[in-house]
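# Summary of the model geometry
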Amino acid sequence: MNAVSIIAPVFGIIVIGWGAALAGLLSERVSDGLSEYVFAIAVPALIIGTLTRPGLTGEVTWSYWIAYFGGAAVSWLAGSLIATRRKGIGRQGAVLHGFAASQSNTIFVGVPTILQAYGEEGAFPLFLLLAVHLPLMMGCATFLIEAEGDRTLVQRLRGLGLVLVKNPIFVSLGIGMALRLGGVVPTGIARSLIDGFGSTASTCALVALGAGLTRYKVLFDLPGALVIAGLKLVVHPLAVWLLATKLFSMPPAYAGVATLFAAMPVGINAYLLAVRYKAETGLVAASVLVSTLLAPLTTVLWLTLLGRA
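As a starting point, this report considers the structure included with it. (Residues numbered from 1 in each chain as written. Predicted model: local features only at pLDDT ≥ 70, side-chain atom pairs only at ≥ 80, totals over all residues. Heavy atoms only, no water.)

## Focus: the packing of aromatic side chains
Tallying each qualifying case throughout the model produces five aromatic pairs. Ring centres 5.1 Å apart and planes at 70° place the aromatic pair Tyr64 and Tyr254 in the edge-to-face group. Of the two residues, Tyr64 is situated in helix H3 (residues 62–84) and Tyr254 in helix H12 (residues 252–262); the sequence distance between them amounts to 190 residues. When its relative accessible area of 0% is taken as the criterion, Tyr64 is described as buried. Relative accessible area serves as the criterion here: at 5%, Tyr254 is assigned to the buried category. What links up through ring pairs into an aromatic cluster is the set Tyr68, Phe69 and Phe261. (Phe/Tyr/Trp six-rings, centres within 6.5 Å; stacked < 30°, edge-to-face > 60°. Helix = DSSP H or I, 4+ residues; strand = E, 2+ residues; numbered from the N terminus. Buried < 20%, exposed > 50% of the residue type's maximum accessible area, 1.4 Å probe, protein only.)

## Side note on the nonpolar core
Judged by nonpolar contacts, the single largest core of 86 residues is most densely connected at Tyr64 and Leu130. Top contributing element to this core by residue count: helix H6 (residues 120–145), with 11 residues. When near neighbours in sequence (up to four residues on either side) are disregarded, Leu130 contacts Ile47, Thr106, Ile107, Val111, Ile169, Leu173 and Phe261. (Core = buried A, V, L, I, M, F, W, Y, C linked by side-chain atoms within 4.5 Å. Contact = heavy atoms within 4.5 Å.)

## Quick word on the layout of surface pockets
There is about 330 Å³ of room inside the second largest pocket. Along the walls of the second largest pocket sit 14 residues, with Asp32, Ser35, Arg215, Ile268 and Leu272 positioned nearest its centre. For the lining of the second largest pocket, the secondary structure elements donating two or more residues are helix H2 (28–51), helix H10 (201–212) and helix H13 (268–277). Its residues assigned to classes, the lining of the second largest pocket shows eight nonpolar, three polar and three charged. (1 Å grid on protein atoms, 1.4 Å probe; cavity = no way out; pocket = protein on both sides within 12 Å on 5 of 7 lines; lining within 4 Å. Points joined across faces, edges and corners; volume = space filled by probe spheres on them. Nonpolar A, V, L, I, M, F, W, Y, C, P; charged D, E, K, R; others polar.)

## Considerations on the packing of H2 against H6
Contact geometry of H2 with H6 gives a least axis separation of 10 Å together with a crossing angle of 130°. One way to sum up the angle between H2 and H6 is to call them oblique. In the crossing of H2 with H6, the sense of the turn from one axis to the other is left-handed. On H6, the residues touching Leu46, Ile47, Thr50 and Leu51 of H2 are Ala123, Phe127 and Leu130. The residue inventory of the contact of H2 with H6, partitioned by class, reads six nonpolar, one polar and no charged. (Axes fitted to C-alpha atoms, helices over the stretch in contact; angles between N-to-C directions. Parallel < 35°, antiparallel > 145°, perpendicular 65-115°, else oblique. Left-handed = near helix turned anticlockwise from the far one by under 90°.)

## Some remarks on the packing of H6 against H13
Running from N to C, H6 and H13 cross one another at 25°; their axes reach a closest spacing of 12 Å. Here H13 runs roughly parallel to H6, going by the angle between their axes. The way H6 lies across H13 gives a crossing that is right-handed. Residue-level inspection shows Leu134, Met138, Ala141, Thr142 and Ile145 of H6 in contact with H13, the latter providing Asn269, Leu273 and Tyr277. In terms of residue class, the contact of H6 with H13 is made up of six nonpolar, two polar and no charged.

Structural data, given as structure tokens:
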């Protein structure tokens, strides 16, 4: 029941947003607007507010990152290999299959779920992982997709750097860590504004995700979407859990956060990348929807395994 109480507010809001969109109460413009607000203002405020909160402590351990991204590599490789055995899927499609199987929905589902499950104990490892997740995963996917392109390595690095510099999540992580290392703690009006915007992040993100699900079509390639969802919701977190608990030694909260982070459904970035390169768009969109619909069940199972149920 504790596991259900953890995920019910998260996935319940997603379902409400989805139902409101289906009923015509929320339009696509509302979903897009909320998504922009979450990315540009609410989540950055939440990140800065959390990282500068007095009493937030944690350690930086390489084994933590190795466990997470080692599990991501396993799921990515499996997804790409499965894709190469399907007729009509080229190199770019195989990369996108692997990326979708290992790219977690961190902002819309991961942050609310993990903070709900671990609270302050999980805040530092959560944002520590979030700091490197976006540049590493997106960087690897872009490099692999454009491996045979005309752009030089320097041009690709410059392009990735520009993308990161313009990304509010990445910038806010840098600001938050800089303030934390400098011992600067916002107070007064600044703290009120940061906390005010940050407190809206979870609800707005979940409503935006739920309303946005109406644009994804499940029947485009249901078998393929189920394969990617299985890799994302089961194989990825299982590999991370084994690495974090059996191979390495780290605090239980770190192992739990890494596992839950991996257990999140397919991230929206996988769909955006598919649209950008005009490859496997329908399949990736279906994978986002199917994995999001299945995630409540698998998340309960992972919370039970982690002892949070």
